[in-house]
Amino acid sequence: MKIATFNINGIKARIAALPEWLDEAQPDVAILQEIKSVDEGFPRELFEDRGYNVETHGQKSFNGVAILSKLPLEDVVRGLDGDETDEQARYIEATVVGDKASVRLCGLYLPNGNPAPGPKFDYKLAWIKRLEQRARALLADETPFLMTGDFNIIPQAEDAASPDDALFRFETREAWRRLLALGLTDAFRARTQGPGHYSFWDYQAGAWNRNNGIRIDHFLLSPAVADMLKDCQIDKEIRAREKPSDHVPVWVDLDF
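About the thresholds
- Counting restarts for each chain, with residues numbered from 1 along the sequence as it is written.
- Residues qualify for local features only when their pLDDT is at least 70, as the model is predicted, and side-chain atom pairs are given and counted only at 80 or more; totals for whole chains, interfaces and linings, by contrast, use all residues.
- Water and hydrogen atoms play no part in the side-chain values, which are based on all heavy atoms of the structure.
- Helix and strand labels come from DSSP, where a helix needs a run of H or I of at least four residues and a strand needs a run of E of at least two; each type is numbered from the N terminus.
- Between the first and last residue of a helix there are one fewer steps than residues, each counted as 1.5 Å, and that sum is the expected span.
- Buried residues are those whose accessible area, probed at 1.4 Å on protein chains only, stays under 20% of the maximum for their type, while exposed residues exceed 50% and partly exposed ones sit between those limits.
- In this description, the arc belongs to the directions extending from the helix axis to the C-beta atoms.
- Contact criterion: two residues are considered in contact whenever any of their non-hydrogen atoms come within 4.5 Å of each other.
- Under the rule applied, a polar contact is a pair of N or O atoms within 3.5 Å (in protein, one hydrogen donor and one hydrogen acceptor; residues adjacent in sequence only if both atoms are side-chain atoms).
- All axes are obtained by fitting lines to C-alpha atoms, using only the stretch in contact for helices, and the reported angles, taken between N-to-C directions, cover 0 to 180 degrees.
- We call two directions roughly parallel when the angle between them is under 35 degrees, roughly antiparallel when it is over 145, roughly perpendicular when it lies between 65 and 115, and oblique otherwise.
- Residues are grouped as follows: nonpolar covers Ala, Val, Leu, Ile, Met, Phe, Trp, Tyr, Cys and Pro; charged covers Asp, Glu, Lys and Arg; every other residue, Gly included, is treated as polar.
- Strands qualify as paired when DSSP identifies two bridges or more between them.

Caption draft 1: View of helix H4 (residues 170–181). Between its first and last C-alpha, H4 extends 16 Å over twelve residues, near the 16 Å set by a 1.5 Å rise per residue. Within the sequence span of H4, burial applies to Thr172, Arg173, Ala175, Trp176 and Leu179. Considered in projection along H4, the buried side chains sweep an arc of 155° and stay on one side of the axis. Residues of H4 that are buried in the fold lie against helix H3 (119–140), strand S9 (185–186) and strand S12 (217–221).

Caption draft 2: Representation of the side chain of Ser37. Of note, Ser37 is situated in the loop between strand S2 (29–33) and helix H2 (44–48). In this structure Ser37 comes out as buried when scored by relative accessible area, which is 7%. Once residues within four sequence positions are removed from consideration, Ser37 is found in contact with Ile11, Phe42, Gly58 and Gln59.

Caption draft 3: The arrangement of the environment of Asp231 in detail. You can see Asp231 is positioned in strand S13 (residues 229–234). By relative accessible area, which is 23% here, Asp231 ends up partly exposed. Between the alpha carbons of Asp231 and Asn9 there is a distance of 25 Å; along the sequence they are 222 residues apart. Among the polar contacts listed, one links the side chain of Asp231 to the side chain of Gln233, at a separation of 3.0 Å.

Caption draft 4: Spatial organisation of the packing of H3 against H4. At a closest axis distance of 10 Å, the pairing of H3 and H4 adopts a crossing angle of 5°. If you check the angle between H3 and H4, you find them roughly parallel. Residue-level inspection shows Phe121, Lys124, Leu125, Ile128, Lys129, Leu131 and Glu132 of H3 in contact with H4, the latter providing Glu171, Thr172, Ala175, Arg178 and Leu179. Split into classes, the residues belonging to the contact of H3 with H4 amount to six nonpolar, one polar and five charged.

Caption draft 5: Structural context of the sheet that holds strand S4 (residues 65–69). Here we have six strands laid out as an open sheet, ordered S3-S4-S2-S1-S14-S13, and mixed in their pairing. Edge positions in the sheet fall to strand S3 (53–57) and S13, since each has one partner strand and no second. Taken pair by pair, the neighbouring strands of this sheet meet at an average axis angle of 15°, ignoring direction.

Okay, here's the thing in structure tokens:
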């Protein structure tokens, strides 16, 4: 089963590019971030006509996450537990059932945190702590799961041409290591080593042409799902196409 994550940076801006990529890449599941649309404004028919079930957790003009799945989605949950005052649409969960097993999909758009230090960075760290608590709960229940999306975390210096700001601060990387210490696997690094592998290039200062990128779109796999991992790749070439997002898709191939 091919499961992809893609920060599309606005469904209206990617109304042509996203269906084109789906038709070409044919993921069984696509988990989207920054749809920047309320639920009722999301063009679900465009994807339903392609055989996808559509679940969204939207927000006007900002944030927003979605799951597109060719298989039925069960037990859909919107929002991350741990802060009843948090109104930002950054998290969606659902279960997808394969031929051999079921996997809990946790789609996320983790806060950027800039400028740091400051309240936005504090919100980011608190959000990661909530995510860690959710991972602990799923592990305690022995639920096979994956967490994927735009983490806004640069795990190591090799994951950026010029590591900087809130995405690479020590506190951010320490929080990432706490997730790994739970027994989660960084799917891309389980298959590919070395520098120069990025999933985001800023629109400014010729970042794409200079390959001044960062790797911030990740798959974290629970032990049971890590055993299913066949491959994980970054569709880098999508960034060179017409009207691209500043992110590119990342996908895993799982045997389940």
